[in-house]
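# Descriptive structure summary
One letter stands for each residue in the lines below.
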Amino acid sequence: MIAPSRRRAARGRRPVALVLPAVCGLAFLVVPLIGLLVRAPWATMPSRLFSAEVGQALRLSLVCASAAMVICLVFGIPLAWLLARAELPGRGIIRALVTVPLVLPPVVGGVALLLVLGRRGLIGRYLYEWFGVSLPFTTAGVIVAEAFVAMPFLVISVEGALRAADPRYEEAAATLGATGWYTFRRVTLPSVLPGVVAGTVLCWARALGEFGATITFAGNFPGRTTTMPLAVYLALETDPDAAIVLSLVLLAVSVAVLVALRERWIRGAV
């Protein structure tokens, strides 16, 4: 048996061949963020934060991201349950299709949405002809684009929680005569609530930072489709200081999300 002192000594060794690349990788990730803080116009920060343009983009981003999050909850939780609990033929293929938006370039996702939900799209033509509904280049289009790219984060998180949950409680509820819907609401959902919360937060944060699919499917119209990431893109051409301020707001939101989920990551790693 290895003595505790030797075990600590072995753990304390830091090979230079590993430490040096690790430090370089850390610098590669952190230094650009520090650059934002260094170059931020702190003197004019309050006035810029409370300007009409920033407030408009922030309000639109919060509303659209929250609406997209609700859509993801309504459809994503049942989808995660289906992947985790149901015996489906080709379940692996279905799971792969669900996770495609994670690796698909967002611009490609926007093009796909445009081809399906545009006025001449596979479904969009009927929405427009029958109901007069046109999603592209509208606020609703922003919500659809954000939900498309954000839903996989929720599905993966909830599916993982469902797979880790003990199914014996559900079996016991079924034995006592509980219906499937009652068991899901009173037994399954409470047991995986931490995973649902984590997935919801990640989903919301991803929707808030969405750019590619949004600008492709919904365009960039101030007050209607210009969310925070699009406002950053616009400001870079005319007012770089405003772009830095908007970037800092998004950075603060991202850090807050990571801090909020930190305890869950620690529990998962222990």
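Residues numbered from 1 in each chain as written. Predicted model: local features only at pLDDT ≥ 70, side-chain atom pairs only at ≥ 80, totals over all residues. Heavy atoms only, no water.

Right, let's talk about the UniProt feature "domain: ABC transmembrane type-1" (unreviewed entry) in the protein chain for a bit. Cross-referencing UniProt, the feature "domain: ABC transmembrane type-1" (unreviewed entry) maps to residues 58–261 in the present numbering. The span residues 58–261 carries 79% helix and 0% strand; its end-to-end C-alpha distance comes to 23 Å. (UniProt positions renumbered as here; feature names shortened; annotations may be inferred. Helix = DSSP H or I, 4+ residues; strand = E, 2+ residues; numbered from the N terminus.)

Within the secondary structure layout, threonine 225 lies in the loop between helix 12 (212–217) and helix 13 (228–238). Polar side-chain contacts of threonine 225 include one of 3.1 Å to the backbone oxygen of glycine 219. One polar contact links the side chain of threonine 225 to the main-chain amide nitrogen of phenylalanine 221, over a distance of 2.7 Å. Residues in contact with threonine 225, not counting those within four places in the same chain, are Leu60, Phe137, Thr138, Thr139, Val142, Thr214, Ala218, Gly219, Asn220 and Leu230. (Polar contact = N/O pair within 3.5 Å; in protein donor to acceptor, adjacent residues only side chain to side chain. Contact = heavy atoms within 4.5 Å.)

For helix 8 (residues 139–164), which comprises 26 residues, the first-to-last C-alpha distance of 38 Å matches the rise-based estimate of 38 Å (1.5 Å per residue) to within 8%. In the structure, helix 8 departs most strongly from a straight axis at alanine 150, where the bend amounts to approximately 40° and where the proline proline 152 lies between one and four residues downstream. (Expected span 1.5 Å × (residues − 1). Bend = angle between axes of the 7 residues up to and from the residue.)

A word on the environment of alanine 80. Relative to the helices and strands, alanine 80 resides in helix 4 (residues 52–85). We classify alanine 80 as buried; its relative accessible area is 0%. Along the chain, alanine 80 and alanine 52 lie 28 residues apart, while their C-alpha atoms are 40 Å from each other. (Buried < 20%, exposed > 50% of the residue type's maximum accessible area, 1.4 Å probe, protein only.)

When the charged atoms of two side chains with opposite charge come close together, those side chains can pair. Under the defined criterion, the tally for this structure stands at 3 salt bridges. Between glutamate 159 and arginine 95 there is a salt bridge; the shortest N-O distance is 2.8 Å. Within this pair, whereas glutamate 159 is found in helix 8, its partner arginine 95 is found in helix 5 (residues 91–103), the two being separated by 64 residues in sequence. Under the relative-accessibility criterion, arginine 95 is labelled partly exposed at 25%. (Salt bridge = Lys/Arg side-chain N within 4 Å of Asp/Glu carboxyl O.)

On to the state of the cysteines. Where two cysteines share a covalent bond between their sulfur atoms, that bond is called a disulfide. Applying the stated rule across the entire model yields 0 disulfides. Free of any disulfide, cysteine 203 has its nearest neighbouring cysteine sulfur in cysteine 72, separated by 3.4 Å. A relative accessible area of 1% places cysteine 203 in the buried class. (Disulfide = S-S within 2.5 Å.)

Here the focus is the packing of aromatic side chains. Under the defined criterion, the tally for this structure stands at 5 aromatic pairs. Here the aromatic rings of phenylalanine 137 and phenylalanine 221 are separated by 6.2 Å at their centres, their planes lie at 90°, and the arrangement is edge-to-face. With a gap of 84 residues between them, phenylalanine 137 in the loop between helix 7 (124–131) and helix 8 and phenylalanine 221 in the loop between helix 12 and helix 13 connect regions that are remote in the sequence. Residue phenylalanine 137 is classed as partly exposed on the basis of its relative accessible area, which comes to 37%. Overall, phenylalanine 221 belongs to the partly exposed group, its relative accessible area being 33%. Taking 5.9 Å as the distance between ring centres and 20° as the angle between the ring planes, the aromatic pair formed by tryptophan 181 and phenylalanine 184 counts as stacked. Residue tryptophan 181 and its partner phenylalanine 184 are both found in helix 10 (residues 180–191); the two are separated by 3 residues, about one turn of the helix. On the basis of relative accessible area, tryptophan 181 is assigned to the exposed category, the value being 58%. (Phe/Tyr/Trp six-rings, centres within 6.5 Å; stacked < 30°, edge-to-face > 60°.)

Next up on the list: the UniProt feature "transmembrane region" (unreviewed entry) in the protein chain. Under the UniProt annotation, the feature "transmembrane region" (unreviewed entry) is placed at residues 16–38, 58–84, 96–117, 137–158, 187–207 and 242–261. Within the segment residues 187–207, helix and strand shares are 95% and 0% respectively, and the terminal C-alpha atoms sit 29 Å apart. Each end of residues 242–261 is marked by a C-alpha atom, and these two atoms are 29 Å apart; helix forms 100% of the span and strand 0%.

Here we come to the nonpolar core. Core analysis: the biggest nonpolar cluster contains 41 residues, and Cys72, Val155, Val158, Leu162, Val192, Met228 and Leu246 have the highest contact counts within it. Taken together, the elements giving at least two residues each to this core come down to helix 4, helix 8, helix 11 (193–208), helix 13 and helix 14 (240–269). Leave out the neighbours within four places in its chain, and cysteine 72 touches Ile77, Ala147, Ala150, Met151, Leu154 and Cys203. Grouped together as the second largest cluster of nonpolar side chains are 7 residues, Leu113, Ala145, Ala213 and Phe217 included. (Core = buried A, V, L, I, M, F, W, Y, C linked by side-chain atoms within 4.5 Å.)

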